[in-house]
Amino acid sequence: MADTKVGILGYGVYIPWQRIQTETIVRARERGKKDLGEIVDKVRNGLLLRYKAIAGHCEDTITMATEAAENALKMSEIKPETIGTVIAGSESKPYSVGQIARHVASFVGVGNDVFTADLEGACNAGMQAVSFVESDIRAGKIEYGLAIGSDIAQAPRGDPLEYAAGAGAGAFVLGKEGDFVATIEDIAPYSSLTMDFWRREDVPVPSHLGRTTVDAYIQHVTGAMAHLLRRHKDMRIRDFDYVTFHQPSGYMPLKACKSLLQPSPNPAGSDIVERMKLTEEDIEQKVKPWLRVLDTGNTYAASTPIAVSSILDKSKPGENILAVSYGSGAYANATWIKVQDGITRKAGLVPSTQEYVDRKVEIHLQTYHDHILERLRRMRKYFESYRLIGDIEPIGSEKAEILLCDGCKRVYYPARSKCLQSDCKGGLEKKALPKHARLKSFRQLSLKERWITNYDVIKNGQAVLVDCTMSDLKLGMPLEAVTRRLDYEGKNGLIIYGPAYRPAFRDKTAHFN
């Protein structure tokens, strides 16, 4: 490995506000079966699936990645324009052609002189993004980079995958110098052509081979760990302070752990087998506390980044983390992370993973079904349904600039110099929206007003309110701007993004006194 030390300067997560109990979905799908109680118990206490995080109508992998990246950048304390590479891993891209990475780069203030790319690799893609950014830094091509995993997991209705499919994002700012919260000590890959899970072009949900996925998962996560041990002759898995695996359920990581109580013979030799061993105590203390899947469901490419962030929130300088990511197809990375002194000062600069877990509202089954239909149909009508709007007044001087095109009825964010439609004759208006505001009035759009677009709301000087209900809102309360999907132009058109507002969460105390 090159001598250049690569460290994590900042990390951040995003978990959607809406949740549903997995048991609610199981009871609806398995209704009428004589052994319903046993099925519910198996999902809840066998697979260890309790809650799923559900992305709202105005959210997608771009908006989720943006908030996670904003948190990581804030903790890093570097200027966004110094970022030289942005890589996003996902298997639920809003555009087949059109990057998550470039959208996020623009939304968080990264400039034009930057490498951007989206990665596939199923659920391994988030940590693979970390590896690629780390390589760019080690090669001397860039000083700082941003790696993201963001996904809205898809699953066929009634398939066991549906009981796990969640949503979320995790991000890391990496660099070669600065006040590191942790360093990337090594990354060891393991992969093979094992198509246990796949999704074909233009098919909205994946297919899988059931039990084969369990076998492939164990083979690849243990294969990556064995590779790491071969590179470090004195290393033992039990010497790590924290161990986390990709979390398609709570069952799968613990199944992998059980295989390490008495590891099978390994082609690398008996020495590797001995050094891979874990004890029951290790599993209880080093693995189980970081099973975030219980709170969020399987967040696919964000699963391991969220788990690592959760560990970093609680870690101390000098401790070691082993994070083993996995993606069907099949690919695994064993990443060795060493916690540094910067964690002591920086951990509280942004909301913790637990704070995002605790920020939640439970939704009904019909609301969940509406979200599923919206994802599959990509129809505009769901943007015309339940919406809250309000009048706001600025707090502080931070602004987000947008461009309104009256011809196309589009919001361009960040602001452009002209409309993308070259023959558009409509008028253009630039607006500077506050990043922090106070709520002056609010209301729910009536059924008769459902045709009012979010463009019209913003054009008229009002704000789109998200992540809240009427009962959550109070006159004078502080709000914060968040990037949201404001509209999309049918199944084949552009997706329109821009600032919306929610009750202050990330900056509860700043700017509001």
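Peer 1: Is there a simple way to think about the pattern of salt bridges in this case?
Peer 2: Between side chains of opposite charge, a pair can form when the charged atoms approach closely. Per the stated rule, a full pass over the model turns up 29 salt bridges. Between Glu162 and Arg29 there is a salt bridge, with the nearest N and O atoms lying 2.8 Å from each other. In this pair, Glu162 is assigned in the loop between strand S6 (144-152) and strand S7 (167-175) and Arg29 in helix H1 (residues 22-29), connecting sequence segments 133 residues apart. Accessibility classification places Glu162 together with Arg29 in one group, the buried group. In this structure, Arg502 and Glu480 form a salt bridge, with 2.9 Å as the shortest nitrogen-oxygen distance. Highlighted residues: Arg502 in strand S22 (residues 495-503) and Glu480 in strand S21 (residues 478-488), separated in sequence by 22 residues. Glu480 shares its class with Arg502; the two are buried. Within this structure, Glu59, Glu67, Glu70, Arg359, Asp467, Glu480, Arg484, Arg502 and Arg506 form a network of salt bridges that share partners.

Peer 1: How do you make sense of the sheet that holds strand S17 (residues 410-412) when you look at a structure like this?
Peer 2: In space, the three strands of this open sheet follow the order S17-S16-S18, with antiparallel pairing throughout. The outermost strands of the open sheet, each flanked by one partner alone, are S17 and strand S18 (428-434). Each strand of the sheet is rotated relative to its neighbour by a mean of 30 degrees, with strand direction disregarded. As paired elements, strand S16 (residues 399-405) and S17 share three bridges and run antiparallel to each other. By the bridge assignment, Cys405 is partnered in S17 with Arg410.

Peer 1: I would appreciate a short explanation of unusual backbone geometry in the present structure.
Peer 2: The omega torsion of the bond from Gly329 to Ala330 falls at 5 degrees, within 30 degrees of zero and hence cis. Summarising the element assignment, Ala330 is placed in strand S13 (residues 329-339). In the segment running from Tyr413 into Pro414, the intervening peptide bond is cis, with an omega of -5 degrees. Relative to the helices and strands, Pro414 is located in the loop between S17 and S18. Phi at Glu77 is positive, roughly 65 degrees, even though this residue is not glycine. On the secondary structure map, Glu77 appears in the loop between helix H3 (61-76) and strand S4 (83-89). On the accessibility criterion, Glu77 (46% relative accessible area) is partly exposed. In this model, Tyr300 sits at a positive phi of 55 degrees, which is unusual for a non-glycine residue. Mapped onto the elements, Tyr300 comes out in the loop between helix H10 (293-296) and helix H11 (303-314).

How each quantity is defined
Residues numbered from 1 in each chain as written. Predicted model: local features only at pLDDT ≥ 70, side-chain atom pairs only at ≥ 80, totals over all residues. Heavy atoms only, no water. Salt bridge = Lys/Arg side-chain N within 4 Å of Asp/Glu carboxyl O. Helix = DSSP H or I, 4+ residues; strand = E, 2+ residues; numbered from the N terminus. Buried < 20%, exposed > 50% of the residue type's maximum accessible area, 1.4 Å probe, protein only. Pairing = 2+ DSSP bridges. Axes fitted to C-alpha atoms, helices over the stretch in contact; angles between N-to-C directions.

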